[in-house]
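Here are the chains, one letter per residue:
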Amino acid sequence: VNRRGVNYTVNITTPLKRVLTADCLFQNRGVFVSGVFEVQNENGQKLVLDYDPVGGEPCDKLAQVTVGDFTRQITLRQ
């Protein structure tokens with residue numbers, strides 16, 4: 001629930017995979033290399049985050065976010 005009282009649900013639609021190898025660490029934390037989750041509010045608006053938009057599970061911190069018909073590739077900060 002946000003501060004305006006809108007309820008949200010989160011569903012993991014593809015299992016999340018985090019890599020903790022020495023060559024894939026960022027600030028001593030692993031990087032998510034695959035997986036998809038959706039955040040939807042009670043009004044039906046949905047955000048989808050895909051940790052592997054290019055395929056192959058690279059350790060590149062790239063993700064793809066989709067909100068409605070808008071899709072953009074982003075670089076994650078940790």
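Above this text sits the structure in question.
Presented here is an overview of the structure given in this document. This one's a predicted model, so the numbers in the text were calculated from it and none came from an experiment.

## A word on the overall build of the protein chain
Item 1. A count of helices and strands for the protein chain gives 0 helices and 6 strands.
Item 2. Walking the protein chain from its N terminus toward its C terminus, one meets helices and strands in the order β-β-β-β-β-β.
Item 3. The dimensions of the protein chain, computed from C-alpha atoms along their principal axes, are 40 × 25 × 20 Å.
Item 4. Buried residues in the protein chain amount to 26% of all 78 residues.
Item 5. Summarising the internal contacts of the protein chain: among those between residues at least 6 apart in sequence, 31% fall at separations of at least 24.
Item 6. For the protein chain, the exposed surface amounts to about 5600 Å²; the carbon and sulfur share of it is 48%.
Item 7. Looking at charge distribution, the protein chain has the averaged site of its 9 positive side-chain charges lying 11 Å from that of its 8 negative ones.

## A few points about the side chain of D50
Item 1. Locating D50 in the fold gives a position in strand β4 (residues 46–50).
Item 2. Of the side chains with opposite charge, K17 lies nearest to the buried D50, which makes no salt bridge, at 13 Å.
Item 3. At a separation of 2.9 Å, a polar atom in the side chain of D50 contacts the main-chain amide nitrogen of D52.
Item 4. With sequence-adjacent residues up to four places away left out, D50 is seen in contact with G35, V36, A63 and Q64.

## Side note on the pattern of salt bridges
Item 1. Throughout the structure, instances matching the rule amount to 2 salt bridges.
Item 2. A salt bridge links E57 to K17; its shortest N-O distance comes to 2.7 Å. Within this pair, whereas E57 is found in the loop between β4 and β5 (62–67), its partner K17 is found in strand β1 (residues 8–19), the two being separated by 40 residues in sequence.
Item 3. Overall, the relative accessible area of 34% leaves E57 in the partly exposed class.
Item 4. Where E38 meets K46, a salt bridge forms, and the shortest distance between an N and an O atom there is 4.0 Å.
Item 5. You can call K46 partly exposed: its relative accessible area is 37%.

## Describing the packing of aromatic side chains
One pair of aromatic rings is described through two measures. These are the centre distance and the angle between the planes.
Item 1. Per the stated rule, a full pass over the model turns up 2 aromatic pairs.
Item 2. Among the aromatic residues, those joined into a cluster by ring pairs are F32, F37 and Y51.

Cut-offs applied
The residue numbering used here restarts from 1 in each chain and proceeds along that chain's sequence as written. Since the coordinates come from a predicted model, pLDDT governs what is reported: local features require at least 70, and pairs of side-chain atoms require 80 or more to be given and counted, while whole-chain, interface and lining totals use all residues. Only heavy atoms go into the side-chain values, all of them from the structure, while hydrogens and water stay out. Numbering of helices and strands starts at the N terminus; helices are DSSP runs of H or I of at least 4 residues and strands are runs of E of at least 2. Each residue gets one of three labels from its accessible area relative to the maximum for its type: buried under 20%, exposed over 50%, partly exposed in between, using a 1.4 Å probe on protein chains only. Contact criterion: two residues are considered in contact whenever any of their non-hydrogen atoms come within 4.5 Å of each other. Shrake-Rupley sampling with a 1.4 Å probe provides the accessible areas, and residues are treated as covered by the protein chains on show and by no other component. Positive charge is attributed to Lys and Arg, negative charge to Asp and Glu, and no charge count is given to His or to the chain ends. By convention, charge coordinates are those of NZ in Lys, CZ in Arg, CG in Asp, or CD in Glu. Criterion for a salt bridge: a side-chain nitrogen of Lys or Arg within 4 Å of a carboxyl oxygen of Asp or Glu. The definition of a polar contact used here is a pair of N or O atoms within 3.5 Å, where within protein one atom must be able to donate a hydrogen and the other to accept one, and adjacent residues in sequence count solely through side-chain atom pairs. A pair of aromatic rings is counted whenever rings of Phe, Tyr or Trp (Trp by its six-membered ring) have centres within 6.5 Å, and the orientation is called stacked for planes under 30 degrees apart, edge-to-face for over 60 and tilted otherwise.

Any functional reading would require information beyond the geometric quantities listed.
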